[in-house]
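Here is what each chain is made of, one letter per residue.
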Amino acid sequence: MTDDATRRTSRISGFHKLRVEQRIDHVAAFADLGDEHRRQLAAPSNMDTHLADHMIENMITTIAIPVGIATNMRVDGRDVLVPMATEESSVVAAVGNSARQCYESGGFTTSMSGTEMIAQIQLLGVPDPARARLLILERRAEIERICNACDPTLVGLGGGFRDLDVRRIDTPAGSMVITHIVVDTRDAMGANTVNSMAERLAPNIAAWTGGRTLLRILSNLADRRVVRARATWTCAAIGGAEVRDAMVAAYHFADNDPYRAATHNKGIMNGVSAVVLATGNDTRAVESGAHAFAARSGRYRSLTSWEVTADGDLAGAIELPLAVGLVGGAVKIHPTARALLAVLQVGTASELARIIAAVGLAQNFGAMKALATEGIQRGHMSLHARNLAFAVGAVGDEVAEIARRIVEGRSINEAAAAAALAELREQG
Ligand code: MEV
């Protein structure tokens, strides 16, 4: 690292060749991490028992998941090093490789629809659901007052009640009137906030309509919190028109076949969930939201879209709801999540969401390119080979050597790894 410009670039060639301590040094320098965050990253079993016991019930232990850094990411003109928590090999490398291939053409450009969450209140037992719907809509000002009174701090931060929607649904159990309150939760994911508002408001809704309220809970289909990211990969950068066209055909397969779309979107979520987890956010909330959004047309489709530009380049875009926050819940109290958020250097939940969307797009590019060309097994298998080497007891330099031997011998299984280890030790 010579000067500030070098220090601030995410284009770090050979990052994977550094020792773990050197990688932490690099990341700490990039993000100006303080001693506390740096120490936290350097402690692999980094969760205090008391904290873990406080976070969930009946806690007995913690399970460690590796966190890798995706390099080469440039989002809205800013280089970022992106922490990803995942147990799956190839995921971090795929993002870094994909981002490298679009870095020169500008990286990722993102936008976000807002930071509004929806809570639903279910109303039953009204004989006149159409009238009940209007009775609720007429109380908008009162509803706004009740909701905002639940969280004056949020209102002080510029958030709070934004909108009201009331829908009638006809079900086998009869007509129901569903109230949506739309609340800007700013830098919080917002589940607690909107759930409290819904619970507080429900008795009023029952009283106004003469019905009975039942469920009062947020919707994870956070379609007022939609993030978009796009990037262009030049035809030359991806290896020519044949690869480009194969990738576009791969996309159309996913967009038109739910069996393929499920796997295609799972690959996207490999990237998305890894950043969501690393930053202490709720992976299940984001995943259910993404999949519900993918099915919003009535058919389950791709979360990304891909097309050839007028210049013959490949343009990709992603659009998905991302309910993530910087305050509240595990984000606030998990020391590693806090250190990793410091690595990302984001000031708002929107910035975080936008980086996550860019990672999802990069992940999809990587998976589609591999699948549309050599297939994913070669890359996967060499990483899998390393895991097998570990599993049979290889240590230190033995790991890479065993992996090399079993890949070369094309028998990538545990028995071959054990035999290679025995042979290596005999030779040594
Ligand atoms: C594997 O975890 C993810 C992929 O299956 C995604 C895809 O098929 O697009 C490679």
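Computed from a prediction, not measured in an experiment: that's the story for all the values here.

> What should I look at first to understand the sheet that holds strand S8 (residues 226-233) in this one?
Note on sheets: strands pair through backbone hydrogen bonds, and any given pair is parallel or antiparallel. One open sheet accounts for four strands, arranged S3-S8-S10-S9; its pairing is antiparallel. What marks the edges here is a single partner per strand, and that holds for strand S3 (109-112) and strand S9 (304-308). Looking at each pair of strands side by side, their axes are set apart by 15° on average, direction ignored. Relative to strand S10 (residues 314-321), S8 runs antiparallel, the two being bridged by eight bridges. Directly across from Ala231, in S10, lies its bridge partner Gly316. Its contacts with the sheet put helix H12 (residues 283-294) on S8 and S10, and the angle it makes with S10 is roughly 115°. Lying on the sheet, helix H15 (residues 349-372) is in contact with S3, S8, S9 and S10; it crosses S8 at an angle near 45°.

> When you look at the pairing of strand S2 (residues 78-85) in this model, what are you seeing that I'm missing?
A regular strand places its side chains so that they alternate between the two faces of the sheet. Counting buried residues in S2 gives seven out of eight residues, a clear majority hidden from the surface. Note: strand S1 (residues 67-75) against S2, seven bridges, orientation antiparallel. What sits directly across from Ala70, in S2, is Val82. Joining the antiparallel neighbours S1 and S2 is a turn of two residues, in which Asp76 adopts a positive phi near 50°.

> Just checking my understanding: could you explain the packing of helix H5 (residues 91-103) against H15 for this structure?
Pairs of packed helices are described in terms of their axes, by the angle between the two and the distance that separates them. Following both chains from N to C, one finds H5 and H15 inclined at 95°, their axes separated by 8 Å at the closest point. Between H5 and H15, the angle is such that the two are roughly perpendicular. Across the interface between the two elements, Val91, Ala94, Val95, Ser98 and Gln101 of H5 pack against Val359, Ala362, Gln363, Phe365, Gly366 and Lys369 of H15. Residues belonging to the contact of H5 with H15 are distributed by class as follows: six nonpolar, four polar and one charged.

> Can you walk me through the domain arrangement of the protein in this structure?
When the parts of a complex come together, some accessible area is lost, and that lost area is often taken as the interface size. The domains assigned to the protein are domain 1 (3-55), domain 2 (67-110 + 232-373), domain 3 (116-218) and domain 4 (378-427). Centre-to-centre separation of domain 1 and domain 2, based on C-alpha positions: 22 Å. For the pairing of domain 1 and domain 2, the buried interface totals around 1800 Å² over both sides, and the portion due to carbon and sulfur atoms is 67%. The salt bridge involving Glu36 is made with Arg338; its shortest N-O contact spans 3.7 Å. Among the secondary structure elements, those contributing two or more residues to the side of domain 1 that touches domain 2 are helix H2 (20-30), helix H3 (35-42) and helix H4 (49-55). Ranked by the residues each element gives to the side of domain 1 that touches domain 2, the list is headed by H3, at four residues.

Reading the values: rules and limits
Residues numbered from 1 in each chain as written. Predicted model: local features only at pLDDT ≥ 70, side-chain atom pairs only at ≥ 80, totals over all residues. Heavy atoms only, no water. Pairing = 2+ DSSP bridges. Helix = DSSP H or I, 4+ residues; strand = E, 2+ residues; numbered from the N terminus. Axes fitted to C-alpha atoms, helices over the stretch in contact; angles between N-to-C directions. Contact = heavy atoms within 4.5 Å. Buried < 20%, exposed > 50% of the residue type's maximum accessible area, 1.4 Å probe, protein only. Parallel < 35°, antiparallel > 145°, perpendicular 65-115°, else oblique. Nonpolar A, V, L, I, M, F, W, Y, C, P; charged D, E, K, R; others polar. Domains from an automatic or database assignment. Buried area = accessible area lost by both parts, 1.4 Å probe. Salt bridge = Lys/Arg side-chain N within 4 Å of Asp/Glu carboxyl O.

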